[in-house]
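Chain residues, written in single-letter form:
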Amino acid sequence: SQTIHQWPATLVQPVGSPLSLECTVEGTSNPNLYWYRQAAGRGLQLLFYSVGIGQISSEVPQNLSASRPQDRQFILSSKKLLLSDSGFYLCAWSVNTGNQPQHFGDGTRLSIL
Amino acid sequence: GESVGLHLPTLSVQEGDNSIINCAYSNSASDYFIWYKQESGKGPQFIIDIRSNMDKRQGQRVTVLLNKTVKHLSLQIAATQPGDSAVYFCAEGVFGNEKLTFGTGTRLTIIP
């Protein structure tokens, strides 16, 4: 069966520090991969998605970037964190054949101090 | 712009009763719909999906109804249990588009 792993589960970082969140998927090949941010009590905002290695689509201008160095690995990064980067970050994957559900990891709670 | 929204942000239901969570969508091109359940501190969990060639689909204790005429989606949960307390999101998609559009969520609270 397929599984998705995100880490760390929680992270506290100072303003101006770098960020690297990692997401890996097991049990499937060539998945679509997604990064979302969720503010407290709110819906999901799509940040990036990828349909293949090295292919990244950015949905909103921001202080973050994403990379997909391997088929089942998706990384969310920042060179300098802002206070507004605080939130709950979720990674998801889906089968790449169209009209398929996305399956989510358990997220990373990021707090910027 | 196009959006997916929910009629009720909160819903409280007595344990054992049935609950209905509603969702309105505005993109007439959407042909795929999903319901997710999100418990506190966790990622959304897939519950059930439906394609636009169907009006109804049933799972274990859950039923999704799709009314394309009025662009309305609902999730019915039968015989609710305390473990059903969570935030429920609807999402819509269009075949060929790799993205989903999520609603803002409804918080369901089951009263013991």
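Given the structure is predicted, the values throughout are model-derived calculations rather than measurements.

So, how was this worked out
Residues numbered from 1 in each chain as written. Chains lettered and ligands numbered in written order. Predicted model: local features only at pLDDT ≥ 70, side-chain atom pairs only at ≥ 80, totals over all residues. Heavy atoms only, no water. Salt bridge = Lys/Arg side-chain N within 4 Å of Asp/Glu carboxyl O. Helix = DSSP H or I, 4+ residues; strand = E, 2+ residues; numbered from the N terminus. Buried < 20%, exposed > 50% of the residue type's maximum accessible area, 1.4 Å probe, protein only. Pairing = 2+ DSSP bridges. Axes fitted to C-alpha atoms, helices over the stretch in contact; angles between N-to-C directions. Lys, Arg positive; Asp, Glu negative; His and termini not counted. Polar contact = N/O pair within 3.5 Å; in protein donor to acceptor, adjacent residues only side chain to side chain. Disulfide = S-S within 2.5 Å. Contact = heavy atoms within 4.5 Å. Buried area = accessible area lost by both parts, 1.4 Å probe. Nonpolar A, V, L, I, M, F, W, Y, C, P; charged D, E, K, R; others polar.

A. Just the pattern of salt bridges, in detail. Considering all chains together, one arrives at seven salt bridges over all chains under this definition. A salt bridge links A:Glu59 to B:Lys99, with the nearest nitrogen and oxygen atoms 3.1 Å apart. Placement of A:Glu59 in the loop between strand S6 (55-58) and strand S7 (65-70) and of B:Lys99 in the loop between strand S9 (86-93) and strand S10 (100-102) is noted, with the two residues assigned to different chains. Accessibility expressed as a relative area gives 30% for A:Glu59, which makes it partly exposed. Classification of B:Lys99 as partly exposed rests on a relative accessible area of 25%. Each of the salt bridges in this network shares a partner with another, and the network as a whole consists of B:Asp49, B:Arg51 and B:Arg57.

B. View of the sheet that holds strand S3 (residues 19-26) of chain A. All names here are of chain A. With respect to topology, four strands assemble into an open sheet ordered S1-S3-S8-S7, the strand pairing being antiparallel. Each end of this open sheet is capped by a strand with a single partner; those strands are strand S1 (3-7) and S7. Put simply, the sheet's adjacent strands are angled 20 degrees from each other on average, direction ignored.

C. Region of interest: the side chain of B:Asp31. Structurally, B:Asp31 can be placed in the loop between strand S3 (19-25) and strand S4 (32-38). There is no salt bridge for the buried B:Asp31, and the closest opposite charge comes from B:Arg51, which lies 7.5 Å off by N-O distance. A distance of 3.4 Å separates a polar atom in the side chain of B:Asp31 from a polar atom in the side chain of A:Asn99.

D. Focus on the state of the cysteines. All names here are of chain A. Under the definition given, this model contains two disulfides over all chains. Covalently, Cys23 is tied to Cys91 through a disulfide, its sulfur atoms 2.0 Å apart. Between Cys23 and Cys91 the disulfide shows an S-S torsion of about -80 degrees. By sign, it is left-handed. Here Cys23 is found in strand S3, whereas its partner Cys91 is found in strand S9 (residues 87-94), with 68 residues between them in sequence. Assessed through its relative accessible area of 1%, Cys23 is described here as buried.

E. How the structure looks around the pairing of S7(A). Sheet topology places S7(A) next to strand S8 (residues 73-78) of chain A; four bridges connect them, and they run antiparallel. Paired with A:Ala66 across the two strands is A:Leu76, which belongs to S8(A).

F. Region of the structure containing the pairing of strand S4 (residues 32-38) of chain A. Residue and element names in this part refer to chain A. Among the seven residues in S4, seven count as buried, and that is most of the element. Side chains Asn32, Tyr34, Tyr36 and Gln38 of S4 all project onto a buried face; the interleaved residues Leu33, Trp35 and Arg37 project onto the opposite face, where all are buried too. Here seven bridges tie S4 to S9, and the two strands are oriented antiparallel to one another. What sits directly across from Trp35, in S9, is Cys91. The sheet contact formed by S4 and strand S5 (residues 44-52) spans six bridges and is antiparallel. Note on S5: the bridge partner recorded for Arg37 is Gln45. Counting the residues that bridge the hairpin from S4 to S5 gives five residues, and of these Gly41 lies at a positive phi of roughly 70 degrees.

G. View of the interface of chain A and chain B. On the side of chain B, 21 residues touch chain A, which itself brings 23 residues to the contact. Interface area, chain A with chain B, both sides summed: about 1700 Å², of which 54% is carbon and sulfur. At the boundary of chain A and chain B, one finds one salt bridge. In this structure, the connection of chain A to chain B is made through eight residue pairs in polar contact (both at pLDDT 80 or more). Elements with a minimum of two residues in the side of chain A that touches chain B: S4, S5, S9 and strand S10 (103-104) of chain A. Class assignment for the residues of the side of chain A that touches chain B results in ten nonpolar, ten polar and three charged.

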